[in-house]
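In case you want the letters, here they are:
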Amino acid sequence: MFQRQLIVLPRRRFIDEDGEVTTESTMRTVSINEDKRRRQIAAAATQGDMQAVLAILVQDLQELEDEYKQNACDAAEVEKAKKLI
């Protein structure tokens, strides 16, 4: 699976003395753990091992593409997953 990095900010509204309203909200980013996947590829001893790693990479790619559509990651993360495949 890919690595989720969550940055959670409390959802609060602030009104300053000029009447300006500021809202804090939740933000999240998603990235692939590229080093971990490379180690898994290097450790694959059999064709079955490699197929298992490839299945994980395909799943990672699909999830990253879904998250990219929701602006939770950038195109570079999707490209990293594609390169590993």
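Structure: above.
A brief structural summary. (Residues numbered from 1 in each chain as written. Predicted model: local features only at pLDDT ≥ 70, side-chain atom pairs only at ≥ 80, totals over all residues. Heavy atoms only, no water.)

A short note on a negative patch on the surface
A cluster of like negative charges, contributed by Asp16, Glu17, Asp18 and Glu20, occupies part of the molecular surface. In this structure, Asp18 sits in the loop between strand S2 (12–15) and strand S3 (21–24). (Patch = residues over 30% accessible without salt bridge, like charges linked within 9 Å, V, L, I, M, F, W, Y side chains within 5 Å. Areas by Shrake-Rupley, 256 points an atom, 1.4 Å probe, with all protein chains shown as cover. Salt bridge = Lys/Arg side-chain N within 4 Å of Asp/Glu carboxyl O. Lys, Arg positive; Asp, Glu negative; His and termini not counted. Charge placed at Lys NZ, Arg CZ, Asp CG, Glu CD. Helix = DSSP H or I, 4+ residues; strand = E, 2+ residues; numbered from the N terminus.)

Some remarks on a nonpolar patch on the surface
The grouping of Leu54, Val58 and Ile85 at the surface amounts to a nonpolar patch, some 240 Å² of accessible area in total. Topologically, Ile85 is positioned in the segment after helix H3 (75–84). Of the residues examined, Ile85 reaches a relative accessible area of 44% and is grouped as partly exposed. (Buried < 20%, exposed > 50% of the residue type's maximum accessible area, 1.4 Å probe, protein only.)

Here we look at the pattern of salt bridges
Tallied over the full model, the rule gives four salt bridges. Between Arg37 and Asp60 there is a salt bridge whose closest N-O contact spans 2.7 Å. Placement of the pair is Arg37 in helix H1 (residues 34–43) and Asp60 in helix H2 (residues 47–69), with a sequence separation of 23 residues. Residues Arg37 and Asp60 agree in their burial class; the two are buried. Across the pair Lys82 and Glu79 runs a salt bridge, and its minimum N-O distance is 3.8 Å. Here Lys82 pairs with Glu79, and both are found in helix H3, just three residues apart, close to one helical turn. Note on Lys82: relative accessible area 40%, which makes it partly exposed. Classification of Glu79 as partly exposed rests on a relative accessible area of 39%.

The values are spatial; any link to function lies outside them.
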